[in-house]
Amino acid sequence: MQRSTGEYKIKPIKRQIRELLGHPYPQRVPKGVFVEQWVGISTDEFHRAKYSDVKYMRNRHPLIDMGWSRSDCIRYLTGLGLAETPKSSCLGCPFHGNAQWRSIRDHSPAEWTDVVEFDAAIRAGNARANATGNRLLGQAFLHRSRVPLDQAPIDHVTAAEWAAQQAAADAGGADLEELEEGVENGCSPWACRGSEAEPVQDNFGLTA
Ligand code: SF4
């Protein structure tokens, strides 16, 4: 997942920002020239707020600056009639729960076709690994049932999933809510839920 963030989010964003600044790669971006990026990390997950790794991009976290938690955001969006706003994430994220998969299938047929094709395409590993001969020993699936997405049990919890989730819960792992709703955190280029990057602590007056 960290690789997906680096390859498909951070690199294209940096490329675009350099162009907007008028200093495309490999030009050097002059000292003091930068963009300010606003990243929507709430106070519940302040430990996921991070600095950018380049000087021409400075990350700001307005929700943390305002002291807004996830509940504050939901209350605000609900007040605007946007209660169904989904968590931010890639379309084909393997951390989706069944609810997210159903939402794509039922409301975005073109995107559903896209993720089903993507799921089939990763079966033997990613394109780069395949090209270099580093094929997976097993098979990759987007849905945790390890069934092709268009056949996966996204409308109900199967007996096998119940048993697996019970075993995982006993071991302190994922629970049934996560199976339905996906992982709690959303994802952004600088707060990938699939990574364990170093936290920023000193500019928010908060510590993990
Ligand atoms: S949402 Fe985050 S964890 Fe999921 S595929 Fe995208 S970058 Fe990876």
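Scroll up a little and you will see the structure.
Residues numbered from 1 in each chain as written. Predicted model: local features only at pLDDT ≥ 70, side-chain atom pairs only at ≥ 80, totals over all residues. Heavy atoms only, no water.

1. Digging into the layout of surface pockets
What the largest pocket holds in volume is close to 1,100 Å³. Around the largest pocket sit 37 residues that line it, and Arg70, Thr85, Pro86, Lys87 and Ser88 are the ones nearest its centre. For the lining of the largest pocket, the elements supplying multiple residues, two or more each, are helix H2 (62–66), helix H3 (70–79) and helix H4 (98–107). Examining the composition of the lining of the largest pocket, we find that six residues originate from one element, H4, more than from any other. By residue class, the composition of the lining of the largest pocket is 16 nonpolar, 12 polar and nine charged. Counting contributing residues per domain, the lining of the largest pocket is built from domain 1 (1–85) and domain 2 (87–195), each supplying no fewer than three. (1 Å grid on protein atoms, 1.4 Å probe; cavity = no way out; pocket = protein on both sides within 12 Å on 5 of 7 lines; lining within 4 Å. Points joined across faces, edges and corners; volume = space filled by probe spheres on them. Helix = DSSP H or I, 4+ residues; strand = E, 2+ residues; numbered from the N terminus. Nonpolar A, V, L, I, M, F, W, Y, C, P; charged D, E, K, R; others polar. Domains from an automatic or database assignment.)

2. Some points on the pairing of strand S2 (residues 57–60)
Alternating positions in S2 separate cleanly, Met57 and Asn59 being buried on one face and Arg58 and Arg60 remaining unburied on the opposite face. In this sheet, S2 lies alongside strand S1 (residues 35–38) in parallel orientation, the contact comprising four bridges. In the sheet register, Trp38 faces S2, and the bridge partner there is Arg60. (Buried < 20%, exposed > 50% of the residue type's maximum accessible area, 1.4 Å probe, protein only. Pairing = 2+ DSSP bridges.)

3. Quick look at the nonpolar core
Within the largest apolar cluster, 11 residues are counted, these being Trp101, Ile104, Trp112, Val115, Val116, Ile122, Ala140, Leu142, Leu149, Ala152 and Ile154. If you list the elements that add at least two residues to this core, you get H4 and helix H5 (109–121). In terms of residues, this core owes the most to one element, H5, which gives three residues. Residue contacts for Leu149: discarding those within four places in its chain leaves Trp101, Trp112, Val115, Val116, Asp119, Leu142 and His143. (Core = buried A, V, L, I, M, F, W, Y, C linked by side-chain atoms within 4.5 Å. Contact = heavy atoms within 4.5 Å.)

4. Some points on the pattern of salt bridges
Summed over all chains, the structure comprises 10 salt bridges. One salt bridge in this structure joins Glu45 and Arg48, with 2.9 Å as the shortest N-O distance. Relative accessible area serves as the criterion here: at 7%, Glu45 is assigned to the buried category. Salt bridges sharing common partners tie together Glu36, Arg60 and Asp65. (Salt bridge = Lys/Arg side-chain N within 4 Å of Asp/Glu carboxyl O.)

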